[in-house]
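Summary of the model geometry
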Amino acid sequence: MGDLSQKIDPATPPPPPATVPVRDPLGSSLRLLGWLGVLIRHDALAPREITPLLPVWARWIAHLLHIFAGREGREGRPGQRLGKAFEHLGPVAIKLGQVLATRADIFGVEFARDLGRLKDALPPFPLDQARREVERSLGRPVEALFTDFGPAVAAASLAQAHPATLEDGRKVAVKILRPGVERRVAHGLDAMRLAARLAVKFVPVARRLEPSAFVETIARALTLELDMRLEAAAASELKEIMAKPDPQGLTGHMDAPAVIWDGVGKRVLTLEWATGLPLTDPNAILQPGLDVNQLADNVVRSFLSQALDHGAFHADLHEGNLFCHAPAELTAIDFGIVGRLGPAERRYLAEILWGFISRDYDRIARVHFDAGYVPKEHSVEAFAQALRAVGEPVIGKQASKVSMGRLLGQLFEITDLFDMHLRPELILLQKTMVSVEGVARRLNPDHDLWAAAQPVVERWIRRELGPQAQIRDAVDELRATLKALSKLAQNPPQGQTVIVRETRTPAWVIVCVTVAICASIAALVLSLWPAIV
């Protein structure tokens, strides 16, 4: 269903962010010691599960650290304990946990999934302080925009949300950054930068992970989250995407609250109130008239529709960010993380999913090689054989016994075996896919992820790789060629004049060479003269 002979040219990944110096080495050192204490207490610095895998010289250090582990360090798996430690350490550590949770290719799917469930919750700051923050950010009194402004209903390390009512009667949610959070984030990032430099200097195995670039990636993400205007723009963009109908006239299976732009400032974001109940509420799936099976399908299809059809998707689709109401409607909130895919990455995703749905492992293998994700020195046939080993065991099994997380885990093992390096946007995509699968399976334990995905993927394949798409691509190439020829005709290359200059050898050089040759001949004759006579 489409020609794969055309070479995919993935976009060049952006250069790593510039490294920022540590501004307060002494303060950062003290904060870093405090972080180490928390990690040791949670047995998250050198978890007991990995102690047998450490070098012999490092095991006694790990055993010594285990002595200081508290009750928190004796409960749960390593990813769960690390998540608890990050919750205790605040916004920068929580963001670090969220980024680490996207690297299942390095830490494993189970660890990434456990870490991805860390909870970002803190007691709210006072209502009068929230009102002052709104007035300072928007430049006018709260009463000028809201007829009612209630206490916080949710509070996290960066911001908290308040219910409010506009003058026209609409209920809205007002998200306000915590006072002083920028300073806390700056101090936390300074400590992380110091830790990255120490890791590069004293832990050689960590250098290939580029810790400094990793920290700057976190810093860039936090900088975006500390400006509510940028989150408002992301919410507006995704709402437009979700509202676009598919060829059957159906919308994107999900909605987003409208942005109230009069209530948006650098530290304040105002959105319409989300309809329904959050999926974290046990009563959510008990709402009258709610079709839970269709709701599970809509979670999967909305994510795939955003990613494949539009190249932009909500990258934090867990239960706390999803509201539902009858018959099977979903509303997403919290747009701090948005994933983006270029045309090559979208084709990669669609081909992979379609290949597994249709059991066409050769197709999947060729897509990896055409996209340049697998080095050319490896065999396409061997890679297809490895993919078959992953896909065939799940074919025909009951849907509840087929885990996308386990499937991705096996794919990660194969990618390592074939020296495949995944791009960051694909890793974020896969992390979101695992989250989406988890939401769908908790709604319906027997949910068939592949059956839900098939209509969206098949539609994309037919549209982008079918006969009409091939004709469209040929026309686009012809148009580009004619445009290039037209530019060449209008601006022909300028002729270049080549000047050949004959160089003459100076007379003194000729004389010297002649004398040297004659002297050499004379010396040769004199040396041979006795034999001659």
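Notes on the structure in this doc start here.

What counts and how
- Residues numbered from 1 in each chain as written.
- Predicted model: local features only at pLDDT ≥ 70, side-chain atom pairs only at ≥ 80, totals over all residues.
- Heavy atoms only, no water.
- 1 Å grid on protein atoms, 1.4 Å probe; cavity = no way out; pocket = protein on both sides within 12 Å on 5 of 7 lines; lining within 4 Å.
- Points joined across faces, edges and corners; volume = space filled by probe spheres on them.
- Helix = DSSP H or I, 4+ residues; strand = E, 2+ residues; numbered from the N terminus.
- Nonpolar A, V, L, I, M, F, W, Y, C, P; charged D, E, K, R; others polar.
- Buried < 20%, exposed > 50% of the residue type's maximum accessible area, 1.4 Å probe, protein only.
- Pairing = 2+ DSSP bridges.
- Contact = heavy atoms within 4.5 Å.
- Axes fitted to C-alpha atoms, helices over the stretch in contact; angles between N-to-C directions.
- Left-handed = near helix turned anticlockwise from the far one by under 90°.

A look at empty space enclosed by the protein
- Taken as a whole and assessed by the stated rule, the structure comprises 3 cavities of 30 Å³ or more.
- By volume, the second largest cavity is sized at about 70 Å³.
- Contributing to the lining of the second largest cavity are 10 residues, with V300, L304, M433, L449 and A453 lying nearest its centre.
- Only α11 (292-310), α16 (424-443) and α17 (449-465) provide two or more residues apiece to the lining of the second largest cavity.
- For the lining of the second largest cavity, the per-class residue count stands at 10 nonpolar, no polar and no charged.

Side note on the pairing of strand β3 (residues 159-166)
- Among the 8 residues in β3, 6 count as buried, and that is most of the element.
- Here strand β1 (residues 146-149) pairs with β3 via 3 bridges, running antiparallel. When the bridges of β3 are listed, F146 appears paired with L166.
- Between β3 and the antiparallel strand that follows it, strand β4 (residues 171-177), lie 4 residues; G169 among them carries a positive phi value of about 95°.

Points about the environment of F214
- Tracing the sequence through the fold places F214 in helix α9 (residues 211-225).
- As a C-alpha pair, F214 and M192 span 22 residues in sequence and 9.9 Å in three-dimensional space.
- For F214, the contacting residues outside a window of four places in its chain are L96, V99 and L100.

A look at the packing of helix α1 (residues 25-41) against helix α3 (residues 78-89)
- In contact at an axis separation of 9 Å, α1 and α3 are set at 145° when each is read in the N-to-C sense. Remark: the crossing between α1 and α3 carries right-handed chirality. Residues W35, V38, L39 and R41 of α1 form the contact with α3, whose own contacting residues are L82, A85, F86, H88 and L89.
- Grouping the amino acids of the contact of α1 with α3 by side-chain chemistry returns 7 nonpolar, 1 polar and 1 charged.

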